[in-house]
Every structure is written in C-alpha cells, then in structure tokens.
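Structural description and commentary
Given next are the chains, with one letter for each unit.
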Amino acid sequence: MIHTEQVGSVTILRMEHGKVNALDSELLERLATELEKAERSPARALVLTGSGRSFSAGVDLWRVLDGGEPYLKRFVPLLRQTLTQLFAFPRPVVAAINGHAIAGGCVLACACDYRIIAAGTARLGVPELRVGVPFPSIAFEIVTSVAPTGLLSRLIYLGELFDPQEAAQSRLVDEIVAADGLLARAREVADHLAAIPPETYRVTKQQLREPALERAARNAKTVDNEVERIWGSEEVTAAIRAYMEKTVRKRPPASEGSARS
C-alpha cells in the first residue's frame, strides 16, 4: 500500500494502492502511520510519490457511494487528520508528482513543501465542485495557501485541470523534470533542505503554516460538520454517482479503486 525506502537521510514514501492510488480509509490510515514513524525516525526529509501513471487521483468515490454515512463518519476525520499531519510535518517534504494528481491527490501534493512534476501527460487540479462535493477545511486551507489568488477561480470554482507546463506557469508546482529523473531530482532537493538545521526548518515551517492550521482547526468544529453532512446528502450522492458514471463509466474491481475528489 505504501512502500518505504531510506536513501541516506531521506525517507521515500511511495503510494502503491490500486491503479490510481485512490484515497480510501485504509490508505489514509497507512499514510498517517508512516508519517508518525518518519517523525520519530532520524530521517531529515521525506519524498512523497506515487506509482504507475498516478500520484493519486483523489478520493475513492465508489467507496463513498457504497459505504454511505457509516463510511463517511470514519473517512472524513481520517482525511482531515492525515492532511493535517502532512501539512504540519516538521521536516522537509518534497512531492515527486509522477502522474495525475487530481482532487484529493492534488491536495496531498500541495501539502508538501516543494513540488516537482514529471513532464508528460499528467493532470493536476481540484475538481471537487465539478463532482459536487465541498472541501474539508484543511484541504481548502492547503490549496489556498499554495495557489496564487488570481488562480483560485479557475482552480476551485471552475475545477480546471492543468498539464505540467500549465501547473508550473501557474506556480502550482515548482519544477518540471523528465520522468526518468523525477525521483533523483526529488532526492536532491530533499537532501538540500535536509542540510538546514532541523529546528530552524521546523520553526520556519510553523511560522508559514500556523495561520492556515489555526483556521482549519477553528472551522473543523463548524464547517466540517456541514461538509460531512453535505457529502452524505441525497443530492450530492446523486451528483457523485452521475459524475462517476459520466467520467469513469466502468466500476473497477474493489481492489483497484477509483477516484477524482
């Protein structure tokens, strides 16, 4: 589900979960566990990447449809917890975006400190509103902390997807590299950041991210209750189903997952 590799002072976390690394409760639990382990380890930096043609294509919406309210009551808090852990991780985190990073997958990438995307046909964006679902507070804060203000209408309201060149021009990612050099470049950047004294990096990152984390924590008590209710409403369930039938059409085997939220 998540392959872990130690290269010098850098821990590489590679999501290997079905064809598109869809975010479900199991993958989120595992990612949270690996982040906890990494924080306790001597590793000086992390690289987060995916497998196949996807970094992560987002939330497994078939699981949401099949599991209904009981699944959402478990899943939404896990999503909030894991995104918060990643965004607040005290050491450097580099995203090596090997393929599609859509919706929740894009939020994962944005939660990292530095984003490098492989040249090619990957798409990056947050089409949550096109699917019909609202953002949990922490996901909203992560995206808006990264995206330039002038891009937010296209990114959030219109749900546009960007290719690697567009993502770099829009400053959603920091670099484009050839696919065969992606991981090497991500390790190079991670090593560079790892050379900064850890306490210096931690305090600086806290200064940058604390305002967004505080807003998300406040809204978790109000807005996120609304988010969970809306995700499970009949209208949004119907919108999710219509979106999946239009875009994915064929339901994949249970072990492979599907996504895009």
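To keep things clear, this report deals only with the structure shown in the data block. If you're wondering where the values come from, they're calculated on a predicted model, not measured in any experiment.

The helix and strand inventory of the protein stands at 11 helices and nine strands. Taken over the C-alpha trace, the protein has a radius of gyration of 17 Å; the compact-globule value for 261 residues is 18 Å, and the two agree within 12%. When its C-alpha atoms are laid out on the principal axes, the protein stretches across 50 × 40 × 35 Å. Taking all 261 residues of the protein together, 51% fall into the buried category. Taking contacts inside the protein between residues at least 6 apart in sequence as the whole, the part at least 24 apart equals 76%. Counting only carbon and sulfur atoms, one obtains 51% of the accessible surface of the protein, whose full area is about 11,800 Å². In the protein, which carries 32 positive and 32 negative side-chain charges, the distance between the mean positions of the two groups comes to 1 Å.

Before going further, it helps to spend a moment on the pairing of strand β3 (residues 45–49). Burial analysis of β3 places five of its five residues in the buried class, which makes it a mostly covered element. By the alternation rule, side chains of β3 split into Ala45, Val47 and Thr49 and Leu46 and Leu48, which are all buried. With five bridges joining them, strand β2 (residues 10–15) and β3 adopt parallel strand pairing. By the bridge assignment, Val10 is partnered in β3 with Ala45. Between the parallel elements β2 and β3, the chain passes through helix α1 (residues 25–40) in a crossover that is right-handed.

Looking now at the sheet that holds strand β9 (residues 175–177). The strands that make up a sheet pair up through hydrogen bonds in the backbone, lying either parallel or antiparallel. One open sheet holds the six strands; their spatial order is β1-β2-β3-β5-β7-β9, and the pairing between them is mixed. For this open sheet the edge positions go to β1 (2–7) and β9, each flanked by a neighbour on one side alone. Each adjacent strand pair in this sheet contributes to an overall mean axis angle of 20 degrees, direction not counted. Along the sheet, α1 makes contact with β1, β2 and β3, crossing β1 at roughly 20 degrees.

With that out of the way, let us pick up unusual backbone geometry. Notably, Ala103 is not glycine yet its phi reads approximately 55 degrees, a positive angle. Among the structural elements, Ala103 can be located in the loop between β6 (100–102) and α3 (104–111). Residue Ala103 is classed as buried on the basis of its relative accessible area, which comes to 0%. A positive phi is found at Arg171, a non-glycine position, where the angle reads about 70 degrees. Along the chain, Arg171 turns up in the loop between α7 (164–169) and β9.

Parameters at a glance
Residues numbered from 1 in each chain as written. Predicted model: local features only at pLDDT ≥ 70, side-chain atom pairs only at ≥ 80, totals over all residues. Heavy atoms only, no water. Helix = DSSP H or I, 4+ residues; strand = E, 2+ residues; numbered from the N terminus. Rg over C-alpha atoms; globule rule 2.2 N^0.38 Å. Buried < 20%, exposed > 50% of the residue type's maximum accessible area, 1.4 Å probe, protein only. Contact = heavy atoms within 4.5 Å. Areas by Shrake-Rupley, 256 points an atom, 1.4 Å probe, with all protein chains shown as cover. Lys, Arg positive; Asp, Glu negative; His and termini not counted. Charge placed at Lys NZ, Arg CZ, Asp CG, Glu CD. Pairing = 2+ DSSP bridges. Right-handed = clockwise from strand over helix to strand, strands pointing away. Axes fitted to C-alpha atoms, helices over the stretch in contact; angles between N-to-C directions.

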